[in-house]
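# Analysis of the macromolecular model
Okay, here's what each chain looks like letter by letter:
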Amino acid sequence: MIKLLLALVLCFECSATTYYVATNGNNSNDGLTPDTAFGIDIFYSIGAGTNTFIVLSGTYQTNVIIRKSNTTIRSQVKWGARIVGTSAVASPGISIWPAPIDHCTVDGFEVANAGIMGIAYYGSNMVIRNCWVHDSGQSHGVNAGSGIISVNGSGSTSYFNELIEMNLLENNGFSLGFDHGIYGAGSNSVIRGNVCRGNRGFGISVFSNDGSGQNNNLVYNNLCYRNYGDSLLTGYQLGFNSLNVAGTTNYAFGNTLITTNGRALFCEWTTLLATNNIIISTNNGIVTYSPSGTVSWTFGDYNLAPRALSAAGPHDVISSAYGFVNPANGLYWLTGTSTARCRAWPGEFGPVDFFGTPQTNVCDVGAFQYQPAYATDVRVLDPSSYCGADYWAILY
């Protein structure tokens, strides 16, 4: 047995291979087929290499730790592999650590009931996609219950080049204002095509609390609503804060941000360019905060809001005729009569749309471009069913 395990470790150290993991797997297997799969705790013992682990459907009542760079773990069926934690145990559902571990991918998991963060990573060049993270981080202290979190480095070692896309983050967090749907940190990262709702902090917070700054982050095509905002319940859905570092610029475009409170978008210690967003609130929508001796700017245009925004542009659309299909069911697609239609600045868009489909232009403001097939959608995506709410299912 010892010789077999040693051989497996040596194999991991020298090769790039696809392996399988199953609820009934065994680490004495070779892991090369679904019938000879490893157990979920194989991640504790893998060596260096560019390895992909396909995790078969089933409930894994455990916390998963990835300890090596260049590791991909992927649920064979989207949300079919369920990582279910124990709220009494202060551990993330899936964690990538100790720092720094780089170039890892987590794809397609349901993560539920984790004691603290749903998915936490300590490194650069990470990809977190297609995951459903919910009801996690509800039992422990401040700043420990976000759905997906980039755990800052120290000083100048903050991370970069993260891609967080097409995830559903809902009902995560313990402490108001600190536990977000997505808590991004670092620079040159992309956060796109996510749905964040019911989290105890912001829907998405791009915040550097290690003193290294946030710069050149692109946040687009996200739907954020019913998140609590900060500790004062202001209702912020998206926020940027490049703490103590001047001269940074970040971008928010093509998002749909909805709150029943005064403001939905927050900017501090940075310059924020905000275009093509739907920003719904009961006040002027955007807060730009400059602490003493600092300068923060928000430049906005081509945004849709029910009243004039604090960072207004000449091409803004001021209207409450949003034309959503059915908000009560979570359907924020556009109808044909929406005032968001054909009002976007065509020069500001990402290479893919909300669904991950390549795009070469945009016409409509907000997270979703108008599609006739979605205008007649009758699904219930809010609240989630026991199998989630798949906003990314293609109807056309």
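The structure this text deals with has already been given above.
Please read these numbers as outputs of a predicted model, since none were measured by experiment.

### Observations concerning the overall build of the protein chain
Broken down by element type, the protein chain carries 2 helices and 33 strands. Whereas a compact globule of 396 residues would reach a radius of gyration of roughly 21 Å, the protein chain reaches 21 Å, a difference of no more than 12%. With respect to the principal axes defined by its C-alpha atoms, the protein chain has extents near 70 × 50 × 40 Å. For the protein chain, buried positions account for 58% of its 396 residues. Sequence separation of at least 24 residues holds for 62% of the intrachain contacts in the protein chain that already meet a minimum separation of 6. Summed over its atoms, the accessible surface of the protein chain is roughly 14900 Å², and 56% of this surface lies on carbon and sulfur atoms.

### Looking at the packing of aromatic side chains
If you walk through the whole model with that rule in mind, you get 25 aromatic pairs. In textbook terms, an aromatic cluster arises when at least three aromatic residues are bridged by ring pairs, as seen for Trp333, Phe354, Phe355, Phe368, Tyr374, Tyr391, Trp392 and Tyr396. The side chain of arginine 200 reaches across the aromatic face of tyrosine 228, ending 4.9 Å from its centre. Between the NZ or CZ atom of arginine 341 and the centre of the ring of tyrosine 370, over which it lies, the distance is 4.0 Å.

### With respect to the layout of surface pockets
By volume, the largest pocket amounts to about 310 Å³. Only strand S19 (204–207), strand S22 (238–241) and strand S25 (263–268) provide two or more residues apiece to the lining of the largest pocket. Sorting elements by how many residues they give to the lining of the largest pocket places S22 first, with 3 residues. Looking at side-chain class alone, the lining of the largest pocket contains 7 nonpolar, 8 polar and 2 charged residues.

### Thoughts on empty space enclosed by the protein
Under the definition given, this model contains 1 cavity of 30 Å³ or more. Of the volumes computed, that of the largest cavity is approximately 70 Å³. As for the largest cavity, its lining consists of 13 residues, and the residues nearest its centre are Glu162, Gly184, Ala185, Ser189 and Ile191. Classifying every residue of the lining of the largest cavity gives 6 nonpolar, 6 polar and 1 charged.

### Description of the sheet that holds strand S17 (residues 190–192)
One open sheet holds the 11 strands; their spatial order is S1-S2-S5-S8-S11-S14-S17-S20-S23-S26-S29, and the pairing between them is parallel. Each end of this open sheet is capped by a strand with a single partner; those strands are strand S1 (18–21) and strand S29 (297–301). Averaged over all neighbouring strand pairs, the angle between strand axes comes to 10°, with direction disregarded. Summarising the sheet, strand S20 (residues 218–220) and strand S23 (residues 249–253) pair through 3 bridges and their orientation is parallel. Residue pairing across strands places tyrosine 220 opposite phenylalanine 253, the latter belonging to S23.

### So, the pairing of strand S26 (residues 271–275)
Most of S26 is tucked away, with 4 of its 5 residues classed as buried. As defined by bridge partners, S23 adjoins S26 across 5 bridges and the pair is classed as parallel. The residue of S26 that forms the bridge with alanine 252 is alanine 274. Sheet topology places S26 next to S29; 5 bridges connect them, and they run parallel.

Cut-offs applied
Residues numbered from 1 in each chain as written. Predicted model: local features only at pLDDT ≥ 70, side-chain atom pairs only at ≥ 80, totals over all residues. Heavy atoms only, no water. Helix = DSSP H or I, 4+ residues; strand = E, 2+ residues; numbered from the N terminus. Rg over C-alpha atoms; globule rule 2.2 N^0.38 Å. Buried < 20%, exposed > 50% of the residue type's maximum accessible area, 1.4 Å probe, protein only. Contact = heavy atoms within 4.5 Å. Areas by Shrake-Rupley, 256 points an atom, 1.4 Å probe, with all protein chains shown as cover. Phe/Tyr/Trp six-rings, centres within 6.5 Å; stacked < 30°, edge-to-face > 60°. Lys NZ or Arg CZ within 6 Å of the ring centre and 35° of its normal. 1 Å grid on protein atoms, 1.4 Å probe; cavity = no way out; pocket = protein on both sides within 12 Å on 5 of 7 lines; lining within 4 Å. Points joined across faces, edges and corners; volume = space filled by probe spheres on them. Nonpolar A, V, L, I, M, F, W, Y, C, P; charged D, E, K, R; others polar. Pairing = 2+ DSSP bridges. Axes fitted to C-alpha atoms, helices over the stretch in contact; angles between N-to-C directions.

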